[in-house]
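Residue-level structural notes
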Amino acid sequence: RVALERAVVLQPDNAMAHNQLGNVYMHIKKLDLAEKQYRLAIQYDPEYGLALYNLSLILGSQQRYAEQKEVLQQFIEHAEPGLEKQKQWAINYLKH
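1. Looking at the nonpolar core
- Core analysis: the biggest nonpolar cluster contains 21 residues, and Leu 55 and Phe 75 have the highest contact counts within it.
- Elements with a contribution of two residues or more to this core: helix 2 (15-27), helix 3 (31-44), helix 4 (49-61) and helix 5 (65-78).
- Of all the elements, helix 4 adds the most residues to this core, at 6 residues.
- Ignoring sequence-local partners within four residues, the contact set of Leu 55 consists of Glu 35, Tyr 38, Arg 39, Ile 42 and Val 71.

Here you go:
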């Protein structure tokens, strides 16, 4: 965690580092900090599908479903290769 926190200070526009730090915070149940990091990742790379997906998980866990649906739609548009299962889940989720 410390190394990632340092990385985002040294390279504040590093979307991947923000996403990874968000994952660390999500793992230790600091959801507000995780959300902030995912949003920063998306700010620096608006087409970063994995950060969009991760943000959608936070929003869903907080029952912020309208926001979650908006983020999932963005995720579907920008999902990177390797995220096919997540993309299919998002498509199916939005159908309901």
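So, next bit.
2. Observations concerning the side chain of Asn 19
- One can find Asn 19 in helix 2.
- The buried category is assigned to Asn 19, whose relative accessible area is 0%.
- Asn 19 has contacts with Gln 37, Tyr 38, Ala 41, Tyr 48, Leu 50, Ala 51 and Asn 54, leaving out every residue within four places of it along the chain.

What counts, and where the lines are drawn
- Residues numbered from 1 in each chain as written.
- Predicted model: local features only at pLDDT ≥ 70, side-chain atom pairs only at ≥ 80, totals over all residues.
- Heavy atoms only, no water.
- Core = buried A, V, L, I, M, F, W, Y, C linked by side-chain atoms within 4.5 Å.
- Buried < 20%, exposed > 50% of the residue type's maximum accessible area, 1.4 Å probe, protein only.
- Helix = DSSP H or I, 4+ residues; strand = E, 2+ residues; numbered from the N terminus.
- Contact = heavy atoms within 4.5 Å.

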